[in-house]
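# Architecture and fold: a report
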Amino acid sequence: MYHKAPFPDNQPVRTGILLVNLGTPDSASVSDVRRYLDEFLSDPRVVEVPRLLWFLILHLVILRIRPGRSAKAYQSVWSDEGSPLLAISRRQADKLQQQLDPEKSSTVVALGMRYGNPSIADALDELKKQNARRILVLPLYPQYSASTVASVFDAVTDELQTWRWIPECRFINNYPEHPDYIEALAESVRQHREQHGSADKLLLSFHGIPQEYVDKGDPYADECRQTAEKLAQALNLDNSDWLQTFQSRVGNKPWLQPYTDATMKSLAAEGVKSVQVICPGFSVDCLETIEEIDDENRHYFLDNGGERFEYIPALNDSDDHIAMMSSLIAQHTNGWD
């Protein structure tokens, strides 16, 4: 007896592009935020604590306290489209599809979130239905960390372990110095300054990770430094013109430093009157850029004596960003023609 083939045989063979970002709750309700945080914080790549101990801490303490606070933060950034991260990511996928192959004759793009919906498993299933026999995975994290990129790899391979017929796969694990990425960032700063002028300082804020992760060999800190230095060079900045910091610290253990929030307060206290902030590690504006940077850290700077604070948006679905993704994809699908 013959069984149905795992891929449709009445469609052309396609190359699948799997775009992956962090994810978002389904809504800004406390229950949906709790469900999202449970999935996110249960990932051993994110929190490297013995599993039984962490299970008790997570379920007896954190998930009883944090969802309410986080829900209020999500509510402050939620729009008619829902989560900004998901809405912008969908636009990225749509624009990338149009640029690569509008008719989906040979290439199809699918969007998956590491946590929440649409899941990586759902996105891979969508590519299977489109007869994608080759899949390129593009996590939208320019700088590699085990807590982000490696976690995406885990999720992709976990899903593929359930498939009988495995497609040929390639995986992009970083692009911190890709020329098109650096130029897209530089152009976003130039365009902002053409409209608003320069500032005393340009602050490059990256998401932080625990210092112990780097001590164990995670290359993330070095790759953030590479991006920051390349961007400063592209903008012809002197060392006194810019600073690199790390945000989103959680808990009491040391994270990568200097911390963005502490830097904001100290700059204002030292007499710096204007600052512009860009977050090069975020491919999409989200809670950490909209609420944490453009709201919370704005207040830290202005309330401590600063006079002008400007946030330069993430690359989002800008033409330069889509072109950069296309260039990166072309590089990594070479030979799949």
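The following refers to the structure shown. (Residues numbered from 1 in each chain as written. Predicted model: local features only at pLDDT ≥ 70, side-chain atom pairs only at ≥ 80, totals over all residues. Heavy atoms only, no water.)

Quick look at the nonpolar core now. Ranked by size, the top nonpolar core spans 62 residues in total, and within it Leu19, Leu138, Tyr175, Leu202, Leu204, Phe301 and Phe309 carry the most contacts. In this structure, Leu124, Ile135, Val149 and Ala150 belong to the second largest nonpolar core, which totals 21 residues. (Core = buried A, V, L, I, M, F, W, Y, C linked by side-chain atoms within 4.5 Å. Buried < 20%, exposed > 50% of the residue type's maximum accessible area, 1.4 Å probe, protein only.)

Further remarks concern the pattern of salt bridges. When the charged atoms of two side chains lie near each other, side chains of opposite charge can form a pair. Under the definition given, this model contains 17 salt bridges. Asp317 is the salt-bridge partner of Arg91, the closest N and O atoms lying 3.1 Å from each other. Residue Arg91 is found in helix H3 (residues 84-100), and its partner Asp317 is found in the loop between strand S8 (308-312) and helix H11 (319-332); the two are separated by 226 residues along the sequence. Overall, Asp317 belongs to the buried group, its relative accessible area being 14%. (Salt bridge = Lys/Arg side-chain N within 4 Å of Asp/Glu carboxyl O. Helix = DSSP H or I, 4+ residues; strand = E, 2+ residues; numbered from the N terminus.)

A word on a nonpolar patch on the surface. Together, Leu52, Leu53, Phe55, Leu56, Ile57, Leu60, Val61 and Ile65 make up a nonpolar patch on the protein surface, roughly 740 Å² of accessible area in all. Following the sequence through the fold, Leu56 ends up in helix H2 (residues 51-77). (Patch = residues over 30% accessible without salt bridge, like charges linked within 9 Å, V, L, I, M, F, W, Y side chains within 5 Å. Areas by Shrake-Rupley, 256 points an atom, 1.4 Å probe, with all protein chains shown as cover.)

Of all the residues in helix H9 (residues 260-269), the buried ones are Thr260, Thr263, Met264, Leu267 and Ala268. Take H9 and look down its axis: the buried residues cluster within an arc of 125°, on one side only. (Arc of directions from axis to C-beta.)

This part is about the environment of Lys104. Mapped onto the secondary structure, Lys104 falls in the loop between H3 and strand S2 (107-116). Looking at Lys104, the relative accessible area reads 33%, which means it is partly exposed. In this structure, the C-alpha to C-alpha distance between Lys104 and Tyr175, residues 71 residues apart in sequence, is 26 Å. Once residues lying within four places of it in the same chain are set aside, the contact partners of Lys104 are Arg14 and Gln97. (Contact = heavy atoms within 4.5 Å.)

Here the focus is the sheet that holds S8. Spatially, four strands are ordered S6-S5-S7-S8 in an open sheet, and the strand pairing comes out parallel. Taken across any chain shown, the strands that pair with only one partner, and hence form the sheet edges, are strand S6 (242-247) and S8. Averaged over all adjacent pairs, the angle separating strand axes in this sheet is 25°, with direction ignored. Here four bridges tie strand S5 (residues 201-207) to strand S7 (residues 274-278), and the two strands are oriented parallel to one another. Its bridge partner lying in S7, Lys201 is registered against Val275. Helix H6 (residues 179-196) contacts S5, S7 and S8 of the sheet and is inclined by roughly 140° relative to S8. (Pairing = 2+ DSSP bridges. Axes fitted to C-alpha atoms, helices over the stretch in contact; angles between N-to-C directions.)

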